Amino acid sequence: MPQNLFPLDNTKKFKDQKIVGHNRWHPDIPPAVKIKPGTVFRADCREWFDGAIRNDDSADDIRHAPLAGVHVLSGPFYVEGAEPGDLLIVDILEIDACNQEDSGPLSGQGWGYTGVFARNNGGGFLTERFPDAYKVIWDFRGDVATSRHIPEVSYTGIHHPGLMGTAPSAELLARWTAREKALIATDPMRVPPLALPPLPDSAILGSLKGAEFERVAAEAARTAPPRENGGNQDIKNLTAGSRVFYPVFVPGANLSFGDLHFSQGDGEITFCGAIEMGGFMDLHVDLIKGGMAKYGVKENAVFMPGNRDPQYSEWLAFSGVSVDSGGKQHYLDSWLAYQNACNHAIDYLMKFGYTDIQAYMILGTAPVEGRLSGVVDIPNACSTIYIPRAIFDFDIRPSATGAPHQVKQGVQVPRSGN
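Since we're looking at a predicted model, the values are computed, not measured. (Residues numbered from 1 in each chain as written. Predicted model: local features only at pLDDT ≥ 70, side-chain atom pairs only at ≥ 80, totals over all residues. Heavy atoms only, no water.)

Caption draft 1: Inspection of the state of the cysteines at higher detail. Overall, the coordinates contain zero disulfides when judged by the stated rule. Here C45 is not cross-linked by a disulfide; its sulfur's nearest cysteine counterpart is in C98, at 9.7 Å. On the accessibility criterion, C45 (4% relative accessible area) is buried. (Disulfide = S-S within 2.5 Å. Buried < 20%, exposed > 50% of the residue type's maximum accessible area, 1.4 Å probe, protein only.)

Caption draft 2: Examining the sheet that holds strand β13 (residues 243–247) more closely. If you trace the six strands from one edge of the open sheet to the other, you get β1-β3-β16-β5-β13-β17, paired in mixed fashion. Either end of the sheet is taken by a strand with one partner, and the two such strands are β1 (4–6) and β17 (302–304). The average angle at which neighbouring strand axes cross in this sheet is 30°, direction not considered. Bridging between β13 and β17 involves three bridges; their strand directions are antiparallel. Counterpart to V244 in the pairing with β17 is F303. (Pairing = 2+ DSSP bridges. Helix = DSSP H or I, 4+ residues; strand = E, 2+ residues; numbered from the N terminus. Axes fitted to C-alpha atoms, helices over the stretch in contact; angles between N-to-C directions.)

Caption draft 3: Quick look at the pattern of salt bridges. Counted according to the given criterion, the structure contains 23 salt bridges. As a salt-bridge pair, R46 and D50 come within 2.6 Å of each other at their nearest N and O atoms. Considered together, R46 and D50 belong to a single accessibility category, that of buried residues. In this structure, E94 and R308 form a salt bridge, with 3.1 Å as the shortest nitrogen-oxygen distance. Here E94, found in strand β5 (residues 87–97), pairs with R308, found in the loop between β17 and β18 (315–321); they are 214 residues apart in sequence, far enough to count as distant. The exposure class assigned to E94 is partly exposed, which follows from its relative accessible area of 25%. (Salt bridge = Lys/Arg side-chain N within 4 Å of Asp/Glu carboxyl O.)

Caption draft 4: Main features of the nonpolar core. With 78 residues, the main nonpolar core has F77, L88, F257 and F392 as its most contacted residues. Examining the composition of this core, we find that seven residues originate from one element, helix α5 (residues 334–350), more than from any other. The residues contacting F392, other than those within four sequence positions of it, are E152, V153, L349, Y354, I362 and I387. (Core = buried A, V, L, I, M, F, W, Y, C linked by side-chain atoms within 4.5 Å. Contact = heavy atoms within 4.5 Å.)

Caption draft 5: View of the pairing of strand β14 (residues 255–261). In terms of burial, β14 is a largely internal element, seven of the seven residues being buried. Alignment of strand β4 (residues 74–79) against β14, held across two bridges, turns out to be antiparallel. Residue pairing in the sheet places S74 in a bridge with F257 of β14. Looking at chain direction, strand β10 (residues 160–165) and β14 are connected through five bridges and run antiparallel. Directly across from H160, in β14, lies its bridge partner H261.

Caption draft 6: Molecular detail of helix α6 (residues 356–365). In terms of burial, α6 is largely enclosed, as nine of its ten residues are buried. I357, Q358, A359, Y360, M361, I362, L363, G364 and T365 are the residues of α6 that are buried.

Caption draft 7: Main features of the packing of α5 against α6. α6 packs onto α5 with a crossing angle of 125° between their chain directions and a minimal axis gap of 9 Å. In terms of axis orientation, α5 runs oblique to α6. The chirality of how α5 crosses α6 is right-handed. Mapping the contact onto sequence places C342, A345, I346, L349 and M350 in α5 and D356, A359, Y360 and L363 in α6. Here the contact of α5 with α6 is composed, by residue class, of eight nonpolar, no polar and one charged. (Parallel < 35°, antiparallel > 145°, perpendicular 65-115°, else oblique. Left-handed = near helix turned anticlockwise from the far one by under 90°. Nonpolar A, V, L, I, M, F, W, Y, C, P; charged D, E, K, R; others polar.)

Caption draft 8: Broad picture of helix α2 (residues 170–185). With 16 residues, α2 should reach 22 Å at 1.5 Å per residue; the first-to-last C-alpha distance of 23 Å fits that figure. Where α2 is buried, its residues contact α3 (210–219) and β11 (226–227). (Expected span 1.5 Å × (residues − 1).)

Caption draft 9: Region of the structure containing empty space enclosed by the protein. Applying the stated criterion across every chain yields a total of three cavities of 30 Å³ or more. The greatest single-element share of the lining of the largest cavity, amounting to four residues, is contributed by α2. In terms of residue class, the lining of the largest cavity is made up of five nonpolar, one polar and four charged. (1 Å grid on protein atoms, 1.4 Å probe; cavity = no way out; pocket = protein on both sides within 12 Å on 5 of 7 lines; lining within 4 Å. Points joined across faces, edges and corners; volume = space filled by probe spheres on them.)

Caption draft 10: Summary view of the packing of aromatic side chains. By the definition in use, this model includes 19 aromatic pairs. With a centroid separation of 5.0 Å and 85° between ring planes, the pair formed by F117 and F271 is classed as edge-to-face. Of this pair, F117 sits in the loop between β6 (111–116) and β7 (133–141) while F271 sits in strand β15 (residues 271–276), placing them 154 residues apart in sequence. With relative accessibility at 31%, the residue F271 sits in the partly exposed group. Taken together, the ring pairs connect F318, Y348, F352, Y354, F392 and F394 into an aromatic cluster. Its guanidinium or amino end placed over the ring of F280, R42 lies 3.8 Å from that ring's centre, counting from NZ or CZ. Its guanidinium or amino end placed over the ring of Y386, R371 lies 3.9 Å from that ring's centre, counting from NZ or CZ. (Phe/Tyr/Trp six-rings, centres within 6.5 Å; stacked < 30°, edge-to-face > 60°. Lys NZ or Arg CZ within 6 Å of the ring centre and 35° of its normal.)

Now the structure itself:
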């Protein structure tokens, strides 16, 4: 087993650990660990809410989720010899839930969760249809997840980090802040907001203290969106066996990661849409000196997906075009088209006895494939969502004989309204 360079004590909060990570992006957050190129190591990762979500049948914890404090990231890892302009090679060797723990109060200890945020707490991809908070609990048995809240469905996990990236330079951080504040200014009262500006409240900044902590907390970027450094990309195919090439913007690269997912569909459409878990990752790091210029990678990572994806081969796919629910035509809006494809899939699954929220949760957590199927045929973009048929305990194909199978309901999906 690789040496664990970032151990977490599951009896303590993230900020009370022996080595404290962070939940903001800033070049002046001190490295937590120094490593050499070629190092293979393990790091524990706490799920993104640091234990705030419980294994129960209430969605109140999702409704009141402490979004100001996410994501709790393991790192930064300072890679000796890394300089701005290099490419950092990160090999994901293994990802799993909390090591040798099959029960406990923290997500990853034999269970995980999926949430839909209420509109005033961030919403989700289909906020108009699902404006309230919901939660689903998933039980792990090896690499297979099942839920007491969603009957007659199970799937093999596609474990991956929702978030991984290198630290931004001061110049890159300034660009992020300026452009996101300009976007907010176009509709400053919007709910949910258009972007999340720097917020000192609930900031965790490693070993920083005093005046330096206050300065960095006021400047640091929130971790919610993906950006040029990587960040919260939620790419489900970054499984074990993946190799990622990250741009280096600061000396040492300052690699950080977390927000582990047991499984997720393309888009993480419910927002807290993966099966969230704590656990660990085994990684190998190396460098390509001058790699950014050598390969034209000025921003955003290049990666080679691993080969550990679940082996689903038969699908039922749904399509959508860029016309909104009021009948208004939009020009090549692939985002709207994907929304429509998801709504069509939900409507279809409801014919088998699922509630709309159960179907929505399936789309967010199962390894569905989302695709931009047409982006040039004006005025309509076409997006599609492919659902693996084998995740269901019954045949979901349309048939000319008989009525659709009806699932047997049990514990309903917990909901917390405004």
